Amino acid sequence: MDDPDSYPVAPDAAEIDVTRAVREELLLAAPRYVQCREDCKGFCPQCGKDLNAGPCGCAPAATPAAAVAALKDKLRSN
């Protein structure tokens, strides 16, 4: 079967193990990140400071786009 939403069952099966299917559905239904409120800024991923109390002193994390641009500049200079 090519349908990812189907689970084959043996014709003589007396029990069906739905553990994998239930686990998958629960993981897909759960929110990826939990927020205490809509406007929550969370914690700094580097030092752990509560960003709702104010900014921390950490340097901003490099975005993937910035990393690619830096690599591109480095390759051009070589």
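Given the structure is predicted, the values throughout are model-derived calculations rather than measurements. (Residues numbered from 1 in each chain as written. Predicted model: local features only at pLDDT ≥ 70, side-chain atom pairs only at ≥ 80, totals over all residues. Heavy atoms only, no water.)

Engineer: Report on the overall build of the protein, specifying residues and quantitative values.
Structural biologist: A tally of helices and strands in the protein yields two helices and zero strands. Compactness check: the protein gives a C-alpha radius of gyration of 23 Å against a globular reference of 12 Å for 78 residues, more than 25% above the reference. Its C-alpha atoms give the protein principal-axis dimensions of roughly 65 × 45 × 20 Å. The buried share among the 78 residues of the protein stands at 5%. When the accessible surface of the protein is split by element, carbon and sulfur atoms take 59% of a total near 7400 Å². Across the protein, the 9 positively charged side chains and the 12 negatively charged ones have centroids separated by 20 Å. (Helix = DSSP H or I, 4+ residues; strand = E, 2+ residues; numbered from the N terminus. Rg over C-alpha atoms; globule rule 2.2 N^0.38 Å. Buried < 20%, exposed > 50% of the residue type's maximum accessible area, 1.4 Å probe, protein only. Areas by Shrake-Rupley, 256 points an atom, 1.4 Å probe, with all protein chains shown as cover. Lys, Arg positive; Asp, Glu negative; His and termini not counted. Charge placed at Lys NZ, Arg CZ, Asp CG, Glu CD.)

Engineer: Let's hear about a nonpolar patch on the surface: which residues, and what values?
Structural biologist: Taken together, V9, I16, V18, V22 and L26 make up a surface patch of nonpolar side chains, about 460 Å² in accessible area. Checked against the element boundaries, V18 lands in the segment before helix 1 (19-29). Look at V18 and you get partly exposed, because its relative accessible area is 45%. (Patch = residues over 30% accessible without salt bridge, like charges linked within 9 Å, V, L, I, M, F, W, Y side chains within 5 Å. Salt bridge = Lys/Arg side-chain N within 4 Å of Asp/Glu carboxyl O.)

Engineer: Can you tell me about the pattern of salt bridges, naming the residues and giving the values?
Structural biologist: On inspection of all chains with the given rule, the structure shows one salt bridge. For the salt bridge of R37 with D39, the shortest nitrogen-to-oxygen distance reads 2.8 Å. The class for R37 is partly exposed, based on a relative accessible area of 40%. Overall, the relative accessible area of 54% leaves D39 in the exposed class.

Engineer: Tell me what's going on with a negative patch on the surface, and back it up with residues and numbers.
Structural biologist: A grouping of D2, D3, D5, E24 and E25 is seen on the molecular surface, where their side chains present a negatively charged patch. Mapped onto the elements, D2 comes out in the segment before helix 1.

Engineer: Help me get a handle on the state of the cysteines, residues and values and all.
Structural biologist: All told, the structure shown has zero disulfides when counted by the stated rule. There is no disulfide at C40, and the cysteine sulfur nearest it, in C36, is 3.4 Å away. (Disulfide = S-S within 2.5 Å.)

Engineer: Before we move on, could you go through the environment of R37 and cite the residues and values that matter?
Structural biologist: Note that R37 resides in the loop between helix 1 and helix 2 (64-77). Sequence-wise, R37 and D50 are 13 residues apart; in three dimensions their C-alpha atoms are separated by 14 Å. Polar side-chain contacts of R37 include one of 2.8 Å to the side chain of D39. A polar side-chain atom of R37 sits 3.4 Å from a polar atom in the side chain of N52. (Polar contact = N/O pair within 3.5 Å; in protein donor to acceptor, adjacent residues only side chain to side chain.)

Keep in mind these values describe shape, not function.
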